[in-house]
Amino acid sequence: MSAGMRKPKAEPNAFRIVTDLSHAEQEAHRIENMLLALRKRHDLARFEFTRLVRIRPAGATHSHPILTLSTRFAATEDMLLSTYLHEQMHWYLWELGGHDHDPIEPFFDELVRRYPKAPTSLPDGGRNYEQTYLHIVVCWLEIWASAQLIGMQRARAVADAPWGYRWIYRTVLEDWHPLGDLLTENALLPMPRPEELARQQQRQPATNPAADDRAASTARPGRAAPGRKASVAARKKTPAAPPPPSRRNRRRPPARGGTSAG
């Protein structure tokens, strides 16, 4: 622009956009402060299988690759606690598994046999077939962990009024003891503390991935391949009746407890 030219004045009614993130920042600090207060009041470390937490206001709550909390499902401390423990239970199953082992696999078909008509879409079920049956386990563990800290009555109160997984939470509460027995039989309970689980995994003999892949290629569909933690599959109960045909996608690698989108 030459020296003799003037910068045009902005029109008084010109279109403008102003971005204000102050409310998002306030909500992020609210969630952060609530979580810190919960950690001071309760021994959350016994259930923290990941120690990295991200807060993303108005985003999605999920477990992987970073445990992310949003302003949803965090209206009260009890709700935030249950949400946080829900995502930590995904991490527990992830850490309990391995490259050759999905901890849900040994009894996945038993869950299908018990609940052949489970809804497989939100808001009653999970986001798909596998996520529905996975969340029967995750939601049971979430309620159990919450009850260790705030009592069963308050844990049930949160589970009785969910936005999603409605059928799953209702079924978990109705079949509380049988499902707890199933998780115990398949070595998901008693739940070790994160540091103890890490020591257990360090004591396990190293596996040969190439040998595991060869074993997996000869294993029958639906059966855990021989190798690390094969004893878990050996403890699987024989179903009282053949399960209905599973729609689980066997071509995909084991979920190791799934990566939660909620």
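Up top is the structure these notes are about.
Below you will find a few notes about this structure.

What counts, and where the lines are drawn
- Residues numbered from 1 in each chain as written.
- Predicted model: local features only at pLDDT ≥ 70, side-chain atom pairs only at ≥ 80, totals over all residues.
- Heavy atoms only, no water.
- Helix = DSSP H or I, 4+ residues; strand = E, 2+ residues; numbered from the N terminus.
- Buried < 20%, exposed > 50% of the residue type's maximum accessible area, 1.4 Å probe, protein only.
- Areas by Shrake-Rupley, 256 points an atom, 1.4 Å probe, with all protein chains shown as cover.
- 1 Å grid on protein atoms, 1.4 Å probe; cavity = no way out; pocket = protein on both sides within 12 Å on 5 of 7 lines; lining within 4 Å.
- Points joined across faces, edges and corners; volume = space filled by probe spheres on them.
- Nonpolar A, V, L, I, M, F, W, Y, C, P; charged D, E, K, R; others polar.
- Phe/Tyr/Trp six-rings, centres within 6.5 Å; stacked < 30°, edge-to-face > 60°.
- Lys NZ or Arg CZ within 6 Å of the ring centre and 35° of its normal.
- Contact = heavy atoms within 4.5 Å.
- Axes fitted to C-alpha atoms, helices over the stretch in contact; angles between N-to-C directions.
- Parallel < 35°, antiparallel > 145°, perpendicular 65-115°, else oblique.
- Left-handed = near helix turned anticlockwise from the far one by under 90°.

Side note on the overall build of the protein
- Helices and strands together make up the secondary structure of the protein, namely 10 helices and 2 strands.
- For the protein, the proportion of its 262 residues judged to be buried stands at 43%.
- Split by element, the accessible area of the protein, about 14,700 Å² in all, is 54% carbon and sulfur.

Some points on the layout of surface pockets
- Its volume calculated, the second largest pocket comes out at about 420 Å³.
- Forming the boundary of the second largest pocket are 23 residues, of which Phe 73, Thr 83, Trp 163, Gly 164 and Tyr 169 lie nearest the centre.
- Elements represented by at least two residues in the lining of the second largest pocket include exactly helix H2 (77-96) and helix H5 (152-159).
- Residue composition of the lining of the second largest pocket, grouped by class: 13 nonpolar, 6 polar and 4 charged.

A look at the packing of aromatic side chains
- In the structure shown here, the tally under the stated rule is 9 aromatic pairs.
- A ring pair is formed by Phe 49 and Tyr 92, whose centres lie 5.0 Å apart and whose planes are at 45 degrees; its orientation type is tilted. Residue Phe 49 is found in the loop between helix H1 (22-41) and strand E1 (53-55), and its partner Tyr 92 is found in helix H2; the two are separated by 43 residues along the sequence. With respect to class, Phe 49 is no different from Tyr 92; both count as buried.
- The interplanar angle of 15 degrees and the centroid separation of 4.3 Å between the aromatic rings of Trp 140 and Trp 176 together place this pair among those described as stacked. Taken together, the positions of Trp 140 in helix H4 (residues 129-150) and Trp 176 in helix H7 (residues 176-185) put the pair 36 residues apart, joining distant regions of the chain. Neither residue differs from the other here; Trp 140 and Trp 176 are each classed as buried.
- One aromatic cluster in this structure is built from Phe 108, Tyr 129 and Tyr 133.
- Geometry around Trp 163 places Arg 72 over its ring, the cationic atom sitting 4.9 Å from the centre.

Notes on helix H6 (residues 166-174)
- Looking at H6, one finds that the buried residues are Trp 167, Ile 168, Tyr 169, Thr 171, Val 172 and Leu 173.
- Packing partners of the buried residues in H6 comprise H2, H4, H5 and H7.

Description of the packing of H2 against H4
- Put simply, H2 and H4 touch, their axes get as near as 8 Å, and they point 125 degrees apart. Judged on the interaxial angle alone, H4 and H2 are oblique. Crossing angle aside, the handedness with which H2 passes H4 is right-handed. For the pair formed by H2 and H4, the contact residues are Asp 78, Leu 81, Ser 82, Leu 85, His 86, Met 89, His 90, Tyr 92 and Leu 93 on the first element and Leu 134, His 135, Val 137, Val 138, Cys 139, Leu 141, Glu 142, Ala 145, Ser 146, Leu 149 and Ile 150 on the second.
- Looking at side-chain class alone, the contact of H2 with H4 contains 13 nonpolar, 5 polar and 2 charged residues.

Let's talk about unusual backbone geometry
- Following His 64, the chain continues to Pro 65 via a peptide bond in cis, the omega torsion being 0 degrees.
- Mapping Pro 65 onto the fold places it in the loop between E1 and strand E2 (67-69).
- With omega at 5 degrees, the peptide bond leading from Leu 122 into Pro 123 counts as cis.
- If you trace the backbone, Pro 123 turns up in the loop between helix H3 (105-114) and H4.
- Non-glycine residue Ala 58 carries a positive phi angle of around 65 degrees.

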